[in-house]
Amino acid sequence: MGIRSPEFWTNLPHMHEEGFPEIFDYLRFEKGGENVPFLCLHPDPDFLEMLSLDEIVWPENFDFCTTSSSIKNEMPGVYKLLKKQMCPAKPLDENGEQIPQMSAIDALKEHLGKMKQQSINVETDEATFRQLLSRKHLEDQTHFAYNEDLAFSVLNLLASSNSDFPQKWNFDNVPGPLKALCSGDGGINEILGVSTAMVYAGTAGTYSSYHVEDADCPSANILLPGSAGKAWFGIHPDDQWKLNDYVRQQFRKKCPSPFLHKDLMIDLELLDELGIRWYWCIQRPGDIILTNPSVNYFVK
Ligand SMILES: O=C(O)CCC(=O)C(=O)O
Ligand SMILES: [Fe+2]
């Protein structure tokens with residue numbers, strides 16, 4: 001069935017006053033955002049304007065590998081992702097000669113260029129996302145490629161080049177004990193994707209595995225301007241055991257936490273069959289998704 005995840009609104013003056021950790025705690029503990037997998041925060045258009053990538057000065061020294069995932073249908077409703085880094089991709093011309101590889105930053109710019117050209121139909125998005133997670137569709141899928149876990153932060157670039165940016169909303173530099181512990185010494189103690197931010201450049205039909213964050217941390221995710229909607233699905237924390245038990249009984253018999261491997265995907269029919277309360281949300285440019293600590297969710 002699916003329940004819409006809770007939504008909240010904020011504006012730029014408020015974001016200057018209060019940092020993201022404080023607002024997150026307030027929404028969780030005082031506004032009913034706690035016992036759900038994630039919530040969606042809509043900043044106002046003034047904040048969205050600050051995310052414009054038109055003037056951005058891209059770094060030269062940045063590299064990434066695309067992940068290639070093959071999909072294996074393990075049992076009804078459960079799919080295993082086998083991931084490989086396509087790194088470095090060595091493109092060949094028609095004579096088999098190696099042609100110069102596009103730099104990572106050029107690949108990212110090309111992605112952003114394609115984003116600008118796409119046409120987005122907000123009205124039909126919900127049906128599209130449900131279809132992409134239906135058994136009928138997933139059983140036919142064999143493979144997808146995703147520029148994921150890129151160790152790079154667009155938000156940090158924007159925040160450090162604009163003094164008007166609400167600095168406590170730079171997800172690459174979240175004030176608090178984790179950053180205090182990991183920053184310094186030229187960044188050698190940072191835990192990539194935990195104390196720093198990462199970029200995910202997906203297209204229609206790219207999926208994240210069903211996962212819980214490292215060390216059961218919460219997480220924050222922002223969608224950049226020009227992006228199509230991004231769909232989030234998560235399970236009510238009190239129903240997680242139903243899915244764990246089911247997958248353990250059926251195929252990962254010896255594993256107490258079958259999803260900690262971060263290599264499974266599930267379809268919506270399975271959640272309905274097991275009577276699991278699941279939440280969903282379609283994130284739009286500028287929207288911030290905050291996932292609660294130790295919840296399981298996935299994205300596409
Ligand atoms: O966008 C994705 O594929 C994954 C995002 C995610 O897991 C996160 O923001 O924590
Ligand atoms: Fe995540």
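Model, not experiment: these values are computed from the prediction.

### A look at the UniProt feature "domain: JmjC" (unreviewed entry) in the protein chain
1) Next: The UniProt feature table records "domain: JmjC" (unreviewed entry) at residues 163–300.
2) Next: Note that residues 163–300 is 17% helix and 21% strand, and that its end C-alpha atoms are spaced 33 Å apart.

### Details of the environment of F8
1) Next: Tracing the backbone shows F8 in strand β2 (residues 7–9).
2) Next: Using a relative accessible area of 14% as the deciding quantity, one classes F8 as buried.
3) Next: In this structure the C-alpha to C-alpha distance between F8 and G33, which are 25 residues apart in sequence, comes to 9.4 Å.
4) Next: Ignoring any residue separated from it by four or fewer positions in sequence, one finds F8 in contact with L27, K31, L39, C40, L41 and H42.

### With respect to unusual backbone geometry
1) Next: The backbone phi angle of K262 is positive, close to 55°, even though this residue is not glycine.
2) Next: With respect to the helices and strands, K262 occurs in the loop between α9 (240–250) and β10 (264–266).
3) Next: Even without a glycine there, the phi angle at S294 is positive, about 65°.

Definitions and limits used
- Residue numbers restart at each chain and count upward from 1, following the sequence in its written direction.
- Chain letters start at A and ligand numbers start at 1, both assigned in the order the entries are written.
- Local features in this predicted model are restricted to residues whose pLDDT is 70 or higher, and side-chain atom pairs enter the listing and the counts only when it is 80 or higher, whereas totals over whole chains, interfaces and linings include all residues.
- Side-chain metrics in this entry use all non-hydrogen atoms of the structure; hydrogen atoms and water are not considered.
- UniProt positions are given in the numbering used here, feature names are shortened, and annotations may be inferred rather than shown by experiment.
- The helix count covers DSSP runs of H or I at least four residues long, the strand count covers runs of E at least two residues long, and both are numbered beginning at the N terminus.
- Per-residue accessibility, obtained with a 1.4 Å probe over protein chains only, is compared with the maximum for each type, and a residue is labelled buried under 20%, exposed over 50%, and partly exposed between these values.
- Contact definition: two residues touch when any of their heavy atoms are within 4.5 Å.

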